[in-house]
Amino acid sequence: MLEIKNIYKYFGSHQVLKGISTEIEHGQVVSVIGASGSGKSTLLRCMNLLEHPTFGEVWMEGKLLTPVDPYLHFDVIRASKTYSKLISEGMSDDDAIAKIKKEDLLHEKYNAEGKKYRALMKKIYDENHIDINIARQKMGMVFQQFNLFNNKSVIENIMLAPVKIGIAEYRAAVRRNNRIRLSNVFRKDKKPLIGLPDDPSAVKLKAEENARALLKRIGLSDTANQYPSTLSGGQKQRIAIARALAMNPDVMLFDEPTSALDPEMVGEVLDLINDLVKSGMTCVIVTHEMGFAREVSDRVLFIDGGVIAEQGTPEQLFNNPQNPRAAEFLSKVLR
Amino acid sequence: MTIGSILTDMVKIFIKYWDVFVLQGIMYTLLLAAIAVLCGTVIGALLAFGRMSRFKVLRAIIIAFVEVMRGTPALLQLYVGYFLVPMLIPDMNTMPSQLMAFICVAVALTFNTAAYVSEIIRSGIEAVDKGQTEAARSLGLNNSTTMVSIVLPQAVKNILPALGNEFITDIKQTSLASTFFVGELMTSYKTVVGITYNSLSTLFVIGVLYFIMNLILSKGLKFAEKRMKAHA
């Protein structure tokens, strides 16, 4: 359902991610662990493009979120002028592709690689890409610092995205229908109008109903009209999770959800995440809570130095780590 | 000359010429400052958004404009406005000269204020926690909805107090316009001194008037700020 291919991320000359590929299956719970500064959070933020990967592609449900990375498509490389030049110099197909990939010969030469190359890049992009805002609606994200909207009450926080997006969809449909009506004036075979989604007042009503149900589910119904500044960290984080759930996401991304919490509030947030996991939600959890990761995960990724140093089931990774860095890290944190 | 005599002279001058000070001086001062702040805020907001846009050339032009306005004296800018505006709009030469001067000065002050306000608005927007934007974007809201529903309402709380200070600065800055006899408070000083030949007492009178205006304004701003914080 979520696939990342060969992700690299540079901040200036500093390499944070150095080629990470993994696939997250439907209903799977994947934990990402590793030392501070190893790139865990950056990896998570690359999944919904809060950070744009320098190289590599992110796919969700067979749709491309990032621009096309030419190095991941052999036919694109073969269409480039650089490739044909190398071939004409007597290099074999494999060697030429390897050389181009290794030396990053296509980077920032988009216009110099010829028409065929550009056409192929554009074709792959047009066939597969999806607007990032639409993709993000299906990816809930929970932040370390909660990031509740300070200028909105709790219930407004939860309702905001469904209401704004619902109304925008309704208006877009109305505009499209108006266009069809206008074009029908000049046509013999009239085009049928498309069905309208919920109108704004229905959208609001549904969103509020849903928000109240979510608040009830997390046990915070009485805070509906309070502002975030009056709430405890644990309450804020639970509301942040409810806010992400309000969009009915297919996958939830947790970026160290308990790291900014007082110790006595960690439990309530982890319980909520555990509930979500039990309900079958696909989750990616960046965390320092090793016990929790071990308990809920189907798969654990250990990130070190910008690559996946080791991955496996929690039993494999926690009981019998193969990678020396993983062993060292776990021996330190599992004491 | 004793303090007592200055005080009695001040009272006498104020009673005799209060219409020049209040009806003309204060009115023009407030009008000029209000025009500068209102128009300056609109233009300043446009400049601030232009500066945060992705068009490099636009950004560079705006940065250059703001730096020039902040790096040159306001009086010089008033002079430039005084000579430049009638050149750009030749029809203005048919106007009464005082009205023309007033418009030129108002335009110059507006652009001066716009430069400062654009910085106030930009820093106010940038002071909003980045996490707020990220949270909104991660929910699938687009850039403009995020700006309008999340960032701007929070930025306004940073911007309004600084904008109030800009209004106070502008009220004081209008005194420079007396160079062109546009009728604001400092001009009424010149008018009255021309009759009474009593500089010090007249200066004190308009000083007190400036002070009272700004005192009322700053107290009002503090009150508004408190109200706003209470609702945060």
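As the structure is a prediction and not an experimental result, all values here were calculated from the model.

## A look at the overall build of chain A
Across its full length, chain A carries 13 helices and 10 strands. With the principal axes as the frame, chain A shows a C-alpha extent of 75 × 75 × 30 Å. Classification of the 335 residues of chain A by burial places 50% in the buried group. Within the structure as shown, chain A displays about 16400 Å² of accessible surface, and the carbon and sulfur contribution to it stands at 50%.

## Comments concerning the interface of chain B and chain A
If you look at the interface, chain B gives 18 residues, while chain A gives 23 residues. Of the roughly 1700 Å² buried between chain B and chain A, counting both surfaces, carbon and sulfur atoms make up 57%. Across the pair Arg45 of chain A and Glu134 of chain B runs a salt bridge whose closest N-O atoms are separated by 2.6 Å. Our count for the contact surface shared by chain B and chain A stands at 8 residue pairs in polar contact (both at pLDDT 80 or more). Per-element accounting of the side of chain B that touches chain A gives the leading share, 7 residues, to helix α5 (residues 130-138) of chain B.

## Topic: a positive patch on the surface
Residues and elements named next belong to chain A. Taken together, the side chains of Lys164, Arg171, Arg175, Arg176, Arg179 and Lys204 make up a positively charged region of the molecular surface. Looking at the positive patch element by element, the count peaks at 5 residues for helix α7 (residues 154-185). Along the chain, Arg175 turns up in helix α7.

## Details of the sheet that holds strand β3 (residues 29-33) of chain A
All names here are of chain A. An order of β6-β7-β8-β3-β9-β10 is seen for the 6 strands of this open sheet, with the pairing classed as mixed. In this open sheet, the two strands that pair with only one neighbour each are β6 (139-142) and β10 (307-312). Pairwise comparison of adjacent strand axes, ignoring direction, gives a mean angle of 15° for this sheet. As defined by bridge partners, strand β9 (residues 299-304) adjoins β10 across 5 bridges and the pair is classed as antiparallel. Residue pairing for β10: Asp304 is matched across the bridge by Val307. Each of β3, β7 (251-255) and β8 (282-286) touches helix α10 (residues 263-278); the most contacted strand, β7, lies at about 155° to it.

## Comments concerning the packing of aromatic side chains
Counting across every chain of the model gives 11 aromatic pairs over all chains. Ring centres of Phe14 of chain B and Phe21 of chain B lie 6.3 Å apart, and the angle between their planes is 10°; on these two criteria the pair is classed as stacked. Using a relative accessible area of 31% as the deciding quantity, one classes Phe14 of chain B as partly exposed. Pairwise contacts between aromatic rings join Tyr8, Tyr10, Phe55 and Tyr71 of chain A into one cluster. Directly above the ring of Phe149 of chain A sits Arg243 of chain A, whose terminal nitrogen or CZ lies 4.5 Å from the centroid. The positively charged end of Lys190 of chain B is found above the aromatic ring belonging to Phe181 of chain B, 5.1 Å away from the centroid.

The rules behind each value
- Residues numbered from 1 in each chain as written.
- Chains lettered and ligands numbered in written order.
- Predicted model: local features only at pLDDT ≥ 70, side-chain atom pairs only at ≥ 80, totals over all residues.
- Heavy atoms only, no water.
- Helix = DSSP H or I, 4+ residues; strand = E, 2+ residues; numbered from the N terminus.
- Buried < 20%, exposed > 50% of the residue type's maximum accessible area, 1.4 Å probe, protein only.
- Areas by Shrake-Rupley, 256 points an atom, 1.4 Å probe, with all protein chains shown as cover.
- Contact = heavy atoms within 4.5 Å.
- Buried area = accessible area lost by both parts, 1.4 Å probe.
- Salt bridge = Lys/Arg side-chain N within 4 Å of Asp/Glu carboxyl O.
- Polar contact = N/O pair within 3.5 Å; in protein donor to acceptor, adjacent residues only side chain to side chain.
- Patch = residues over 30% accessible without salt bridge, like charges linked within 9 Å, V, L, I, M, F, W, Y side chains within 5 Å.
- Lys, Arg positive; Asp, Glu negative; His and termini not counted.
- Charge placed at Lys NZ, Arg CZ, Asp CG, Glu CD.
- Pairing = 2+ DSSP bridges.
- Axes fitted to C-alpha atoms, helices over the stretch in contact; angles between N-to-C directions.
- Phe/Tyr/Trp six-rings, centres within 6.5 Å; stacked < 30°, edge-to-face > 60°.
- Lys NZ or Arg CZ within 6 Å of the ring centre and 35° of its normal.

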